[in-house]
Amino acid sequence: MSETPLQPSDRVASVPESGIRRFFEVAAEMDDVVSLGVGEPDFATPYRAREAAIDSLQRGQTSYTANKGMVELRERIADHVTRYGLEYDPGEEIIVTAGASEAIDATFRALVNPGDSVAIAQPAYVSYEPGVRFAGGEPLPVETRAEDEFVLTRERLEAAGAQDAELLIYCYPNNPTGATMTEDELREVAAFCREHDIAVMADEIYAALTYEGDHTSIATLPGMRERTVVFNGFSKAYAMTGLRLGYALAPPHVIDSINRIHQYSMLSAPTTAQHAAIEALDNCGSDVEEMCTQYDRRRNFVLARLDEMGIDCFEATGAFYVFPESPWPDAGEFAETLLQEEQVAVVPGDAFGTGGEGHLRMSYASSMDDLRTAMDRIERFLE
Amino acid sequence: MDERAAVLDLLRENARYTTADLARMTGLDESVVEETIAALEADGVVAGYTAVVDPAKLDDEPVRAHVECNVTLDRETSYGDIAKRLAGFPEVASLRLMSGDYDFALDVEADSMGEVSRFVSEKVAPLPEITQTVTHYVMETYKESNHRFDAEEGDERISYSP
Ligand SMILES: Cc1ncc(COP(=O)(O)O)c(C=O)c1O
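With an unreviewed UniProt entry as reference, chain B is termed Winged helix-turn-helix transcriptional regulator, source organism Halosegnis rubeus.

If you check an unreviewed UniProt entry, chain A appears there as Aminotransferase from Halosegnis rubeus. Under the UniProt heading Sequence similarities (unreviewed entry), the entry covering chain A gives this text: "Belongs to the class-I pyridoxal-phosphate-dependent aminotransferase family." The UniProt entry for chain A carries the following text under Cofactor (unreviewed entry): "pyridoxal 5'-phosphate".

Here is the structure:
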């Protein structure tokens, strides 16, 4: 490799490979794996949305759309997010992207200057830290803790030195912990950000999957709208992961900056997916409700089984993950041995950053049959 | 959702969930689940439990027909009276009164086409109130009681994703 001028940049070289990769490779060689390692819904996209996508293809609607997405879609998104008390202008304050992933990446690049400190509430979705590095920023992990049910607090922010950060990113409902934050808890974070003049990237992709109480967006709190970018999308709530569609909500000048990158790197989000999304927002609300009901039952089931096995787990109230303590001190070793001996895939918590050590992420986005099998196998493994 | 609705919803999804699993999924005590099921059965809300069978997978595939019946009523005879007589035959798997072009819809099941035909011509058609029957044989069943028989198996998702 040293013979060739094709060498990874220093930035790329500074980002390690994903921690779950080696598990994936082991599991790929096995039959009969029951996976609780999956970060996406087990449901197919609601049928009507799929039909709308097919219909758009048959009509030949396969050209680019406006950079920021089809106006009809942005108008529906604007309407949709009012359920969380969010008011955004479809013309200037919404951009539709190839998954929330693209929006998050473009926002890092749009806001972060070299050397800027970006606080990341961890354990967290794995793409934030690499995203910050690719943008030239300095990731600053802010550890949330099991004893606080993994919510972000002023105390944790201060302990990490986040008062000096330019930007804070978090996601609630959280991947990997399943934690959610109440309005009161968010007020504390909002006050901290206002005091220290910190901008916020709020990844709310799991907002629709909130099982206790209502989802609150930090952008609805006083003085926060002007310093917040909200991310959401269709992957989780509408089971549309493979269609790659998400969006960002922010004041006009921020959407302009994000769009500056998006228009050159992506041009426009997938057109077929945009047609599916319009139908999803118009007519698939009851599908989302039904999926939520199913997730909630599975959540109860998994929490009850873990409790009966004597595995400690705080009551996750959102997304489709539980984050129990590992029965062995070394969660990585536990996950690996469980996979080898019982063919059950779970993800060790340290794959999601500091604060994840000694925990396991288990996704309950699987059929009841699979969940029962997985729990039976874990129980047998522990005996 | 109240307990009754929650338990009923789950039983309709899978009547073989154990009471322990029903309790875990709903967050109810197992004893409450048991009482709720007993009450649903006692009230006749849950009339029974059956397996959803893909007939094509059976060694001896039974023959099914959808039979439309027209009837005439008189002062002494109601739809209910006729329904009672029809429902008594074991060959009649389901029986409904319909709006529209005909009155009763019967699902008839038997071992052979001949048996179905004989049943319709010898037991149903001769009833004095029945004025006409039209028999449609089922050629293929793709979906029943919410279960797809043609669905592709398997989880296409990768086993680890972030
Ligand atoms: C917290 C979080 N944010 C963003 C994403 C990416 O979503 P999308 O499919 O919209 O790119 C995921 C996917 O797992 C996630 O868990």
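*Asks:* Just to check I follow, could you spell out the side chain of Lys236(A) for this structure?
*Replies:* Residues and elements named next belong to chain A. Along the polypeptide, Lys 236 turns up in the loop between strand S7 (228-233) and strand S8 (246-249). Lacking a salt bridge, the buried Lys 236 has Glu 40 as its closest oppositely charged neighbour, with an N-O distance of 7.0 Å. Sequence-distant contacts of Lys 236, defined by excluding residues within four places in its chain, comprise Gly 39, Pro 41, Ile 205, Tyr 206, Leu 209, Phe 320 and Tyr 321.

*Asks:* What am I meant to see in the pattern of salt bridges here?
*Replies:* Oppositely charged side chains may form a pair once their charged atoms are brought near each other. Inspection of the entire model under this criterion finds 31 salt bridges over all chains. Arg154(A) is the partner of Glu195(A) in a salt bridge, and the nearest nitrogen-oxygen pair spans 2.9 Å. Highlighted residues: Glu195(A) in helix H8 (residues 183-195) and Arg154(A) in helix H7 (residues 154-160), separated in sequence by 41 residues. Here the salt bridges do not stand alone but share partners, grouping Glu308(A), Asp369(A), Arg372(A), Asp21(B) and Arg24(B) into one network.

*Asks:* I'm lost on the domain arrangement of chain A in this one. Help?
*Replies:* Residues and elements named next belong to chain A. You can read the domains of chain A as domain 1 (10-45 + 286-382) and domain 2 (60-283). Using C-alpha coordinates to define each centre, domain 1 is positioned 24 Å away from domain 2. Counting residues at the interface gives 36 residues for domain 1 and 38 residues for domain 2. Across the domain 1/domain 2 interface, buried area totals approximately 2,900 Å², and carbon plus sulfur atoms make up 62% of it. When the buried area of domain 1 at its contact with domain 2 is split by residue, Phe 314, Thr 317 and Phe 352 rank highest and sum to 20% of it. Across the contact surface, domain 1 and domain 2 share one salt bridge. Among the salt bridges present, the one from Glu 212 reaches Arg 299, with a minimum N-O distance of 2.9 Å. Elements with a contribution of two residues or more to the side of domain 1 that touches domain 2: helix H1 (10-13), helix H11 (285-308) and strand S9 (321-322).

Thresholds, definitions, all that
- Residues numbered from 1 in each chain as written.
- Chains lettered and ligands numbered in written order.
- Predicted model: local features only at pLDDT ≥ 70, side-chain atom pairs only at ≥ 80, totals over all residues.
- Heavy atoms only, no water.
- UniProt positions renumbered as here; feature names shortened; annotations may be inferred.
- Helix = DSSP H or I, 4+ residues; strand = E, 2+ residues; numbered from the N terminus.
- Buried < 20%, exposed > 50% of the residue type's maximum accessible area, 1.4 Å probe, protein only.
- Lys, Arg positive; Asp, Glu negative; His and termini not counted.
- Salt bridge = Lys/Arg side-chain N within 4 Å of Asp/Glu carboxyl O.
- Contact = heavy atoms within 4.5 Å.
- Domains from an automatic or database assignment.
- Buried area = accessible area lost by both parts, 1.4 Å probe.

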